[in-house]
Amino acid sequence: MNIKISLEAFDPMREVQIYQHSSKEMAGKFGATSIFIGTMRDFNEGNDVIGMTLEHYPGMTEKQLEKIVAEATSQWPVLDVLVVHRVGDILPNEPIVVVAVWTSHRGNAFDASRYIMEALKTKAPFWKKELLKSDVERWLVKNTDGYL
Amino acid sequence: MNIKISLEAFDPMREVQIYQHSSKEMAGKFGATSIFIGTMRDFNEGNDVIGMTLEHYPGMTEKQLEKIVAEATSQWPVLDVLVVHRVGDILPNEPIVVVAVWTSHRGNAFDASRYIMEALKTKAPFWKKELLKSDVERWLVKNTDGYL
Amino acid sequence: MSIRVRYFASLKESLGRSEDNLEIDGLATVNEIWRYANPDKALPDNCLAAVNMAYVNLIDTVKDGDEVAFFPPVTGG
Amino acid sequence: MSIRVRYFASLKESLGRSEDNLEIDGLATVNEIWRYANPDKALPDNCLAAVNMAYVNLIDTVKDGDEVAFFPPVTGG
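The notes below deal with the structure included here. (Residues numbered from 1 in each chain as written. Chains lettered and ligands numbered in written order. Predicted model: local features only at pLDDT ≥ 70, side-chain atom pairs only at ≥ 80, totals over all residues. Heavy atoms only, no water.)

1. Thoughts on the packing of helix α1 (residues 12-22) of chain A against helix α1 (residues 12-22) of chain B
Heads up, the condition is: Axis definition: a line fitted to C-alpha atoms, limited for helices to the stretch in contact. Angles are taken between N-to-C directions and run from 0 to 180 degrees. Going along the chain from the N terminus, every DSSP run of H or I of four or more residues is numbered as a helix, and every run of E of two or more is numbered as a strand. Roughly parallel refers to an angle under 35 degrees, roughly antiparallel to one over 145, roughly perpendicular to one between 65 and 115, and oblique to any angle outside these ranges. The criterion used for residue contact is that any of the two residues' heavy atoms lie within 4.5 Å. Residue polarity follows a fixed list, in which Ala, Val, Leu, Ile, Met, Phe, Trp, Tyr, Cys and Pro are nonpolar, Asp, Glu, Lys and Arg are charged, and the others, Gly among them, are polar.
Running from N to C, α1 of chain A and α1 of chain B cross one another at 175°; their axes reach a closest spacing of 10 Å. Viewed along their axes, α1 of chain A and α1 of chain B adopt a mutual orientation that is roughly antiparallel. Residues Met 13, Val 16, Gln 17 and Gln 20 of chain A of α1 of chain A lie in contact with α1 of chain B, whose contacting residues are Met 13, Val 16, Gln 17 and Gln 20 of chain B. Each residue belonging to the contact of α1 of chain A with α1 of chain B can be placed in one class, and the counts come to 4 nonpolar, 4 polar and no charged.

2. Some words on the interface of chain B and chain A
This is how the line gets drawn: Joining two parts hides part of their accessible area as seen by a 1.4 Å probe, and the buried area is that hidden amount summed over both. The term salt bridge refers to a side-chain nitrogen of Lys or Arg lying within 4 Å of a carboxyl oxygen of Asp or Glu. Polar contacts, as counted here, are pairs of nitrogen or oxygen atoms within 3.5 Å of one another; within protein the pair requires one atom able to donate a hydrogen and one able to accept it, and residues that are adjacent in sequence qualify only if both atoms are side-chain atoms. Two strands form a pair only when DSSP identifies at least two bridges running between them.
Taken together, the contact pairs 37 residues of chain B with 36 residues of chain A. Together, Met 13, Arg 106 and Phe 110 of chain B form the three largest contributors to the area buried by chain B at its contact with chain A, with a combined 24%. For the pair chain B and chain A, the number of links is 6 salt bridges. The partner of Glu 118 of chain B in a salt bridge is Arg 106 of chain A, with the nearest N and O atoms 2.8 Å apart. Across the chain B-chain A interface, the total number found is 17 residue pairs in polar contact (both at pLDDT 80 or more). If you list the elements that add at least two residues to the side of chain B that touches chain A, you get α1, β2 (32-39) and α3 (106-123) of chain B. It is α3 of chain B that contributes the most residues to the side of chain B that touches chain A, 9 residues altogether. Split by residue class, the side of chain B that touches chain A holds 12 nonpolar, 15 polar and 10 charged. Sheet topology places strand β2 (residues 32-39) of chain A next to β2 of chain B; 7 bridges connect them, and they run antiparallel. When the bridges of β2 of chain B are listed, Ala 32 of chain A appears paired with Gly 38 of chain B.

In short, the description is geometric, and any link to function would need to be established separately.
This is the structure we're talking about:
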């Protein structure tokens, strides 16, 4: 399991690949990998967005992410998990988060990765402030429910 | 949308990345990417597996995959889809399939990618023959249900 | 009418051939095409059938020039 | 007891500060910690609270040395 908070732009596929290669025990054992990537869009709620600042609570964020991953691995037979989440100033089209889950069978990979994403969205202390094209800054108020 | 049958080993993350970069219209529009990768394991049903041959029905396979992707895009608001499926002789730890779905919102990415994977498993004409360590060849009889 | 019949995977191996080219008179269902091509062997219960690369039922009829395929349950992905 | 109080995101901006260091006597709930630190301002309805980086209810009590945090609903991912 690996959980990373990244102050810099990162390449989600590269992170997943490097992590997968580094895990010798997984080789030959995983049949399924489910990867979710959240990327910054250039629009939201009808407005053009030109930038975003992601604030977090150092320490608590990692702790909550570890708890979420532990909940997932206790619910589903999971071989490994990688979570990388960006913080700081972000531009449209840059990745915000990647969650990768390796399992033997596909159902568990889908279930666990979705669980981790939903829990991250509702419990991990991150806050987004958007900078609109109109030069207005606005804090996001609430995440939408991803199961609906 | 792109559907590819690959006779050669392929790098799923690279395929996804190249496809994403090639799609100029998507830039800034997708907030969610759900990627599923199926990889060959070195064991199955209690046996050590040292190789696999994947047969398909050229023409029908592509046609069924196109139909499945069209069903997914009519059910969920999807920006783009990439499906790459390997055929021929495969070794453990090599990728068999990648399904990538780009959407604005995450729920649709998860739903559509899972739908495509399940439909692919039950409808796309591919057949696996395993070569066991004991030198026995065995055709897989049935895929498991990935929603269970 | 001319019908091309194709077999895949374990069915192909157990029949020992990958296709038949039939010339038959009048209408025929997919089921009948199997019996023409394999008079001594019942179509295995779980086998699927396609006509011109689309799934069909065994009672569907085929027409001149059709490609009929028989194969076991699919196991891709 | 000594309590470090931290604020995040829009709550931090609206208060104009990111933390308080309180010295108070006796027991206190999370709710009371807020009132000590912000006597003139009600805690916004939807705000969340954590003690030592774990989520808590406003009626939970805090102890000497605890770090209490208040913040709006999270919007990561």
